[in-house]
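These are the residues of each chain, in order.
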Amino acid sequence: MTITSPDNAKLKTIRKLIARRRERDHAGLFVAEGEDLLAAADAAGWAAQDRLVVEGSGIDGVEVQASLLAGVSSLGSGTRALGVYEERWLPTAVGPLCVYLHGVHDPGNVGTILRSAEAFGASCVAVGPGCADPFGPKAVRASMGSIFTVPLARATSIEELPGTTVALVPGDGPPLSILWRSGHEIADQIAIEPDLTLLIGAEREGLPAHLADQATTKAHIPIESHSLNAAMAATVALYEVTRMARAR
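Since the model is a prediction, treat every value here as computed from it, not as a measurement. (Residues numbered from 1 in each chain as written. Predicted model: local features only at pLDDT ≥ 70, side-chain atom pairs only at ≥ 80, totals over all residues. Heavy atoms only, no water.)

Here we look at the overall build of the protein
Move 1: A tally of regular secondary structure across the protein gives eight helices and ten strands.
Move 2: Each principal axis of the C-alpha distribution contributes one length, and for the protein these read about 65 × 35 × 30 Å.
Move 3: Sorting the 248 residues of the protein into buried and exposed places 47% on the buried side.
Move 4: Element-wise, carbon and sulfur atoms account for 51% of the exposed surface of the protein, whose accessible area totals about 11800 Å². (Helix = DSSP H or I, 4+ residues; strand = E, 2+ residues; numbered from the N terminus. Buried < 20%, exposed > 50% of the residue type's maximum accessible area, 1.4 Å probe, protein only. Areas by Shrake-Rupley, 256 points an atom, 1.4 Å probe, with all protein chains shown as cover.)

Considering the sheet that holds strand β2 (residues 50–54)
Move 1: Ordered in space as β1-β4-β2-β3, the four strands form an open sheet in which the pairing is mixed. The open sheet has two free edges, formed respectively by β1 (29–33) and β3 (62–64), since each of these has just one partner strand. Between one strand axis and the next, the sheet turns by 25° as a mean value, whatever way the strands run.
Move 2: Sheet topology places β2 next to strand β4 (residues 81–86); four bridges connect them, and they run antiparallel. Note on β4: the bridge partner recorded for D50 is V84.
Move 3: Seen against the sheet, helix α1 (residues 9–19) touches β1, β2, β3 and β4 and runs at an angle of roughly 95° to β1.
Move 4: Across the sheet, helix α3 (residues 35–44) touches β1, β2 and β4, and the angle it forms with β4 is around 40°. (Pairing = 2+ DSSP bridges. Axes fitted to C-alpha atoms, helices over the stretch in contact; angles between N-to-C directions. Contact = heavy atoms within 4.5 Å.)

Some thoughts on α3
Move 1: For α3, the complete set of buried residues consists of L37, L38 and A41. One side of α3 holds all its buried residues, which, seen down the axis, span an arc of 100°. Turned more than 90 degrees away from the buried face of α3 sit D36 and A43, all of them exposed.
Move 2: In this structure, the buried residues of α3 make contact with β1, β2, β4 and α6 (137–143).
Move 3: Immediately beyond the C-terminal end of α3, within one or two residues, lies G45, with a positive phi of roughly 85°. (Arc of directions from axis to C-beta.)

Remarks on the side chain of H102
Move 1: Positionally, H102 belongs in the loop between β5 (97–101) and α5 (107–119).
Move 2: Within the local environment of H102, its side chain forms a polar contact with the side chain of Y100, the two groups lying 2.8 Å apart.
Move 3: Beyond its immediate stretch of four places on either side in the chain, H102 contacts P129, C131, I200, G201, A202, L207, P208 and L211. (Polar contact = N/O pair within 3.5 Å; in protein donor to acceptor, adjacent residues only side chain to side chain.)

Brief notes about the pattern of salt bridges
Move 1: This structure, assessed with the given rule, holds seven salt bridges.
Move 2: D42 is paired through a salt bridge with R51; the nearest N and O atoms lie 3.4 Å apart.
Move 3: The exposure class assigned to D42 is partly exposed, which follows from its relative accessible area of 44%.
Move 4: Here R51 falls in the buried class, since its relative accessible area comes to 19%.
Move 5: Across the pair E240 and R243 runs a salt bridge, and its minimum N-O distance is 2.7 Å. Pair noted here: E240 and R243 are both in helix α8 (residues 230–247), with a separation of three residues, about one helical turn.
Move 6: Each of D172, D213 and K218 takes part in one network of salt bridges that share partners. (Salt bridge = Lys/Arg side-chain N within 4 Å of Asp/Glu carboxyl O.)

Quick notes on the layout of surface pockets
Move 1: A volume near 430 Å³ is recorded for the largest pocket.
Move 2: Lining the largest pocket we find 27 residues, and of these L168, V169, P170, G206 and L228 sit closest to its centre.
Move 3: Looking at the lining of the largest pocket, the elements with two or more residues in it are β9 (196–200), α7 (209–214) and α8.
Move 4: Class assignment for the residues of the lining of the largest pocket results in 15 nonpolar, eight polar and four charged. (1 Å grid on protein atoms, 1.4 Å probe; cavity = no way out; pocket = protein on both sides within 12 Å on 5 of 7 lines; lining within 4 Å. Points joined across faces, edges and corners; volume = space filled by probe spheres on them. Nonpolar A, V, L, I, M, F, W, Y, C, P; charged D, E, K, R; others polar.)

So this is what it looks like as structure tokens:
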């Protein structure tokens, strides 16, 4: 039966999940909008708790009048399909390659970092204090489906992160591209552990000084300007780390 009322319980739930103003509004659930994201979820083996589609679209799911589905969508142009999924979190961050985000406020950056983490084979992304919600609508869209393939963890301190911790700090430490002197040591003669975590800070403020000081080492990406967008910095760092790993 097609949903024809804006007061339908499923639509009310979708509105709350997309707004995500309070934790109780989403209760561990999130919304993915668009056929491509739903296809990515299917490919990754994520089953939707609810799947709503425009009536007559021929897409599998509960049919909804087009205007009503557009009314609950966060997309300006509306959507033909959306799904409700349960959030998944690892109990702790894991290696061999972890990306830790601290204070990355922009959900688009968080989603893009998830996409880069998938591209370079990161084992997880750990979300620290002050970060945008990785399961929020903007982050989910920016991830381009990587929200379904990259494991997520929460972390509140550097002690919760696996292996050698490398803090990206503009202009501090050796260039990331020459961080390793050999297959077993980093530039300041600290032994490399099998696992490694890249620490990425906020878009403007970067990593807090106390957190960077707690890391195993600091490193920077040589650039001509004063800073890089957080997502771009994470992408370059992941490329360099995986390139160096292959070289070793």
